[in-house]
Amino acid sequence: MADITGDQRVQSEVLEGLATAVNHRRWFVELAVPHLGDNPIEIGSGLGDYALEWSAHLPRFTATEADPDRLIALKERLAEQPTIEVRQMLLPHSERGDYSAAVSYNVLEHIEDHVGALRSMRDLVRPGGNVIIIVPAFEFAMSPADIATGHVRRYTKKTLAAAMTEAGLAVEKIHYANALGLIGYFMATKVFRLMPKEGPMVKVYDTLVLPATKAAEQLVRPPFGQSVFAVARVPA
């Protein structure tokens, strides 16, 4: 099994801070919903914010976490959710499953063997199901915040599609998301060397800027973004 990269304390602080970005999370929740099927598994559920929102649309949901401390907190938070199973999972692994989809947001960039991790996700999903990924975009935006949280790379559409194809997946949809977020992230973390934690900047962006960004990107896909979103099918 792969080591967990990055400072777990810093990761948890960032997750707690970004949990306040409600509009951002709801946008990214909506991106995945049409592709989840009836029984998906999330790889790297963190604090469980996405799991809670996705599970409201589904009869069954499995949340996973690699870090032992966050796993305990995740189990405690989701203990009263009867449709959610919580388990530990590290990638890559050799397990096989029959889930309708595997969804993983901002996890792949932490894993050295990202193709092996994608193969592991593929093997968890039944033929015809989906692997749904969001990762941070563009190497030029790699910052001290990325390094502190354990990012080993950032992606373009081309590099993410290549990794998914090498893992035996058929890419169905791939695009950038949150164009203005990339500019804001670059200025905050690369120029001013701040951490993306809870604070006035996150709240102002999430409340005032992000709704307009989302509306614009629903009309026209931008040529760049803070994240790459991809859906790939597991072949028969």
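This text goes with the structure placed above it.
Presented here is a report on the structure given in the accompanying data block. (Residues numbered from 1 in each chain as written. Predicted model: local features only at pLDDT ≥ 70, side-chain atom pairs only at ≥ 80, totals over all residues. Heavy atoms only, no water.)

### A word on the pattern of salt bridges
Consideration 1: Inspection of every chain in the model, using the stated rule, returns 11 salt bridges.
Consideration 2: In this structure, Arg 126 engages Asp 38 in a salt bridge whose closest nitrogen and oxygen atoms are separated by 3.4 Å. Of this pair, Arg 126 sits in strand β5 (residues 125–136) while Asp 38 sits in the loop between α2 (22–32) and β1 (41–42), and the two are 88 residues apart along the sequence.
Consideration 3: The exposure class of Arg 126 is partly exposed, given its relative accessible area of 25%.
Consideration 4: Overall, the relative accessible area of 36% leaves Asp 38 in the partly exposed class.
Consideration 5: Within the structure, one salt-bridge network assembled from shared partners comprises Asp 38, Asp 98 and Arg 126. (Salt bridge = Lys/Arg side-chain N within 4 Å of Asp/Glu carboxyl O. Helix = DSSP H or I, 4+ residues; strand = E, 2+ residues; numbered from the N terminus. Buried < 20%, exposed > 50% of the residue type's maximum accessible area, 1.4 Å probe, protein only.)

### Re unusual backbone geometry
Consideration 1: Cis geometry is found at the peptide bond from Leu 91 to Pro 92, where omega equals -5°.
Consideration 2: Within the chain, Asn 178 stands out as a residue other than glycine whose phi angle is a positive 70°.

### So, the sheet that holds strand β2 (residues 61–65)
Paired through backbone hydrogen bonds, the strands of a sheet run either parallel or antiparallel to each other.
Consideration 1: Pairing is mixed in the open sheet, where 7 strands are placed in the order β3-β2-β1-β4-β5-β7-β6. Edge strands, defined here as strands with exactly one partner in the open sheet, are β3 (84–88) and β6 (170–177).
Consideration 2: For β1 and β2, the ladder comprises 2 bridges, and the chain directions are parallel. Paired with Ile 41 across the bridge in β2 is Thr 62.
Consideration 3: Strands β5, β6 and β7 (227–233) of the sheet are contacted by helix α7 (residues 157–166), whose axis makes an angle of about 155° with β6. (Pairing = 2+ DSSP bridges. Contact = heavy atoms within 4.5 Å. Axes fitted to C-alpha atoms, helices over the stretch in contact; angles between N-to-C directions.)

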